[in-house]
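A closer look at the structure
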Amino acid sequence: MKFARFSANGKISLGVLDKGTIREIDGDIFGEWNYTGNEFYKDQVRFLAPLKPNQIIGIGANYVAQVEDLPEELPDIPVFFLKPISSVIGPDEKIVIPNEISQVKFESELAVVIGKEVKNVPESDVLDYVFGYTVGNDVTAPQFFHPNGHWTIGKSFDTFTPLGPVIETDLDPHQIRVEARLNGVEKQNSGTELMIVPLRKMVSYLTYVMTLQPGDVILTGSPLGAEMVDAEDSIECEIKEIGTLKNTFIHERAIENIR
Ligand code: MG
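Fair warning: this is a prediction, and the values are worked out from it, not measured in the lab. (Residues numbered from 1 in each chain as written. Predicted model: local features only at pLDDT ≥ 70, side-chain atom pairs only at ≥ 80, totals over all residues. Heavy atoms only, no water.)

Now for the coordination of the magnesium ion. Within the protein, Glu107 (OE), Glu109 (OE) and Asp138 (OD) serve as the donor atoms for the magnesium ion, at 2.0 to 2.1 Å. Coordination of the magnesium ion draws on donor residues from a single chain, spaced E-x1-E-x28-D in sequence. Here Glu109, found in strand S11 (residues 108-114), pairs with Asp138, found in the loop between strand S12 (130-137) and helix H1 (152-156); they are 29 residues apart in sequence, far enough to count as distant. The pair Glu109 / Asp138 is uniform in exposure class, with both members buried. (Donors = N, O, S within 2.8 Å, 3.2 Å for Na, K, Ca; no water. Helix = DSSP H or I, 4+ residues; strand = E, 2+ residues; numbered from the N terminus. Buried < 20%, exposed > 50% of the residue type's maximum accessible area, 1.4 Å probe, protein only.)

Shown next as structure tokens:
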């Protein structure tokens, strides 16, 4: 099932996308919900980020180029970081390049959406707590990485976490490819078997640290091929089974000139 958040006729709604039609729903996607009876053509609505995350956790440098490059031993402490929920935008919204810099990096990623509260879960049971999956763009300004290794500022600017277009609940996360096209040219295209810390291990590890809650989003890392981009560039992050998350970049100065 594909869950969407969308705006139509000035109202924000939740819905289930079925081919070209969105059936509006009422309630909590992680709990009780019902169809309202209202339907919209997909082309008549504006898709928003498919959820307002409870929190966003990312993992750094998590892909190799080919299976043979996977390390025999996994890192003792994976490189995790947090992104603020204020950085979330939806499909077709502008990613804003901050004033002090001229470029940022795109990172197309599989985003896990947690559906049930979970603590200390073994790898074998992780998927029981996953609600579904969306596409994320972990936009990054490495110019703001602290020399001591802290990434927080470089990951945290407003608009730096596009999500969407839907949350797909029927997906085998081990059988998909994570893609990105910059101005129509393919830059990333890797299967999730190339993750260094695999999805189950990553989520399990986190639950031995923190209680995960419904609406928590975990960005599972970006395949090789992410690049620095400029204002006016257009990025499409895609997982075919979920959809395409397209955004364009604008410089903060250009917005100020419009104001
Ligand atoms: Mg990333």
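And the narrative resumes.
Quick look at the environment of Tyr205 now. Position of Tyr205 relative to the elements: it lies in helix H2 (residues 199-207). As a C-alpha pair, Tyr205 and Pro122 span 83 residues in sequence and 8.4 Å in three-dimensional space. Once you skip the residues sitting within four places of it in the chain, Tyr205 turns out to touch Asp76, Ile77, Pro78 and Phe80. (Contact = heavy atoms within 4.5 Å.)

Glycine aside, residues mostly have negative phi angles, and peptide bonds mostly take the trans form. The step from Gly164 to Pro165 runs through a cis peptide bond, and the omega angle for that step is 0°. Mapping Pro165 onto the fold places it in strand S13 (residues 161-168). Backbone geometry at Asn9 places phi at a positive 50°, although glycine is not the residue there. When you line up the elements, Asn9 lands in the loop between strand S1 (2-8) and strand S2 (11-18). The exposure class of Asn9 is exposed, given its relative accessible area of 76%.

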